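Breakdown of the fold
Listed here are the chains, written in short residue letters.
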Amino acid sequence: MTEVLRELARAHGTATAYTTDRGRRVAVAPDTLVAVLAACGVDAATDAAARAALAAHRERAAARLLPECVVVRGGAVPSLGLPGNATAEAELEGGGTAALSGSLPAGRHTLHVSVPGRSESAPLLVVPERLPVPAARHWGFLVQLYSVLSRRSWGMGDLGDLAELASWSSRALGADFVQLGPLHAVEPGPLPDPSPYRPGSRRYPDPMHLRVEAIPEYAYLTGEARRNADRCVTRARALNEAVLRGEALIDRETVRLLKHEALRAVHEVPLSPGRAAAFAEFTAREGSDLTDFATWSALAGVHGGAWRSWPAGLRDPRSPAVARAREELAAEVGFHRWLAWVTDEQLAAAQAAATDAGMGIGLIHDLAVGVAPEGADTWALQDCLAGGMSVGAPPDDFNPHGQNWGQPPWRPDGLAASGYRPWAGLLRAGLRHAGALRIDHVMGLFRLWWVPEGRPPSEGTYVRYDAEAMLGVLMLEAHRAGAAVIGEDLGTVEAGVRRALDERGILGTAVQRFEYLGGSEGRHGPLPPDQWRRDCLATLTTHDLPTTAAWLSGEHVGLRARLGLLTRPEAEEQAEAAAERDAWLAELERLGLLPDPDGDVVALHRFLGRTPARLLGVWLPDATGDRRPQNIPGTSTVHPNWRLPVSDGQGRPVPLEDLPGRPLVAALSRVFADLRQHRENT
């Protein structure tokens, strides 16, 4: 590797070497650096090209008066290092101008700087010094919405079920939040991997989450449209009953087809004047983002979801061919705009149901780490997403070959050139009807592991982002929404990341299976409750881990053995799992939490209550005794990932209506019953 290539890579935030989880230093292959730079529009294919690119980069940097984006926390005066003859002022987003001072209001402003002969501008983000964290402790359920079926569902949990779950759990149990998995829009067509963490777009929720009958216009269906809708309801109820009887898995494709058929009929019902005005207001607010999403959805209905295989003129969202197609498909574009609107309405209603019932937080939405490579977002945001690259993780003890998540990463240069508006748009969408937002793999705001297309994950490298800008945009949007932020910071975390998040009031995530003295690497016993973090969401498990009942029984090891996932003899894995479990149970005995008349699952939740964590999460399947994992990473062809309803210990599905009668639900609610009472009395 030539020194000029190394310098060019570093100039563009690309690591030329990295340290493994075991402390070994690994040099990045030159071919990887060339590929990563090419994905950012930098030619480094030869020494001469790399030298020219480095010279051009240095020349541009020397000529700039301002950084590409200026972030100021707490209204402080930005330190810009301007020449003595420079003048500077802020153009405020609400109108008017202001001198640079410590009293600038929070917001997205524009900084203008002039020196004799030239001027320059850059986005100026004034963000709070720190986001407020919940003042009191709260508890709530963690759910994957599709898995929470009621007897009124159409084969999977929907937004009507969500409103009911939030209202009941708050009024009857004292819960203060429901944390959801991503509700993002998925790609059209077959869903070989129905993971909610691989969406087509993170900017809009998927209308398959709609409760069709709750759309006001549904009541006005008549004639053949009513008969068609009734037929859809009949088929959907049969599908739903089969899932609740344990005779079928959740089938998103069929649910989506049934709902779309009924929704097309509902869409034909004319809107009342007030409803029409609300729809117009929504489309005006969403602007070009909604136009792009609806256009892509209409085109995908004609040409399929893989837009890179579309006719050449349709691959560029700003092309004349796309403009013509939008006119030709105006009715279909309008239908997808309407779908986005009615879905937004039901999300708003679910959050209103939560807060009206007394929840201190309400809904906690989940922002996935990325999107599918051929979806609506990659089509609309081509300048900001790196084509030919995938996000992943380097090799480590848990995944010796590394990981490739099949999702294109943000381009740091594209984000900066856009003033981080695409990132802000995703955040606004996730925060709009939420009391808090969970950021999946929050470490990705600092750096991401890029894997060139066609290469193994081990041949990737880290690419760094402007964390000050990424975090600044996040803080500003959360501040505007009046919402908290939770960062999923599990796994290998770069030094300084948790400190930076904590300084900004961004909560972390603590999962019992990873909380050990000495950390995950040097573990030598369970971490006592008083040593857990305060500013975090604490839980026993997640959607990617065994349920607590399965972990206690050790049956999760047998499942992994049957799926061929073990790297050691099953007896060794079972012994290790048993030792881990027994160490935790011994810790509970030391604390006087065992024996517990309500059982070990409840005792473990009592342990969570002993920690100082501000937020305490109960995985809903733990409250029903479920033993089946919702997801086992890397097993989509051999395990029914993301297709299981919440069930009891015998694998019998538990509908939403039956949750109030479950003894374990009542016992777990008693563990946290004093949290809201204490808050209301102080």
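To keep things clear, this report deals only with the structure shown in the data block. (Residues numbered from 1 in each chain as written. Predicted model: local features only at pLDDT ≥ 70, side-chain atom pairs only at ≥ 80, totals over all residues. Heavy atoms only, no water.)

Right, let's talk about the sheet that holds strand β7 (residues 118-127) for a bit. The mixed open sheet is built from 5 strands, whose spatial order is β3-β7-β6-β4-β5. Of all strands in the sheet, those with a lone pairing partner are β3 (70-73) and β5 (97-98), marking the two edges. Bridge count between strand β6 (residues 107-115) and β7: 9 bridges; the pairing is antiparallel. Of the residues in β7, the one forming a bridge with His112 is Ser121. (Pairing = 2+ DSSP bridges. Helix = DSSP H or I, 4+ residues; strand = E, 2+ residues; numbered from the N terminus.)

When the terminal C-alpha atoms of helix α17 (residues 570-590) are compared, their 30 Å separation across 21 residues agrees well with the 30 Å that a helix rising 1.5 Å per residue should span. Among all positions of α17, only Glu573, Ala577, Arg581, Trp584, Leu585, Glu587 and Leu588 are buried. Each buried residue of α17 sits inside an arc of 155° when the element is viewed along its axis, so together they form one side. Opposite the buried face of α17, by more than 90 degrees, sit the exposed residues Ala571, Glu589 and Arg590. Of the surrounding elements, those touching the buried residues of α17 are α15 (548-553), α16 (555-562) and α18 (600-610). Just downstream of α17, Gly592 is the residue with a positive phi angle, here 80°. (Expected span 1.5 Å × (residues − 1). Buried < 20%, exposed > 50% of the residue type's maximum accessible area, 1.4 Å probe, protein only. Arc of directions from axis to C-beta. Contact = heavy atoms within 4.5 Å.)

Should the charged atoms of two oppositely charged side chains come close, the side chains can pair. Going through the model one piece at a time under the given rule, you end up with 50 salt bridges. Measuring nitrogen to oxygen at the nearest pair gives 2.6 Å for the salt bridge that ties Glu332 to Arg264. With a gap of 68 residues between them, Glu332 in helix α9 (residues 330-356) and Arg264 in helix α6 (residues 252-267) connect regions that are remote in the sequence. Accessibility expressed as a relative area gives 24% for Glu332, which makes it partly exposed. Two residues, Asp440 and Arg438, come together in a salt bridge whose shortest N-O distance is 3.5 Å. Across this residue pair, the class does not change: Asp440 and Arg438 are buried. Each of Glu93, Arg428, Glu477 and Arg480 takes part in salt bridges that share partners, so that together they form one network. (Salt bridge = Lys/Arg side-chain N within 4 Å of Asp/Glu carboxyl O.)

This part is about the packing of helix α1 (residues 3-11) against helix α3 (residues 47-63). The relative placement of two packed helices is expressed as an angle between their axes plus a distance between the axes. Between α1 and α3, the shortest axis-to-axis distance is 9 Å and the interhelical angle comes to 40°. Taken together, the axes of α1 and α3 lie oblique to each other. Relative to α3, the crossing made by α1 is left-handed. Mapping the contact onto sequence places Val4, Glu7, Leu8 and Ala11 in α1 and Asp47, Ala50, Arg51, Ala53, Leu54, His57 and Arg58 in α3. Partitioning the contact of α1 with α3 into residue classes produces 6 nonpolar, 1 polar and 4 charged. (Axes fitted to C-alpha atoms, helices over the stretch in contact; angles between N-to-C directions. Parallel < 35°, antiparallel > 145°, perpendicular 65-115°, else oblique. Left-handed = near helix turned anticlockwise from the far one by under 90°. Nonpolar A, V, L, I, M, F, W, Y, C, P; charged D, E, K, R; others polar.)

Nothing here speaks to function; it is all geometry.
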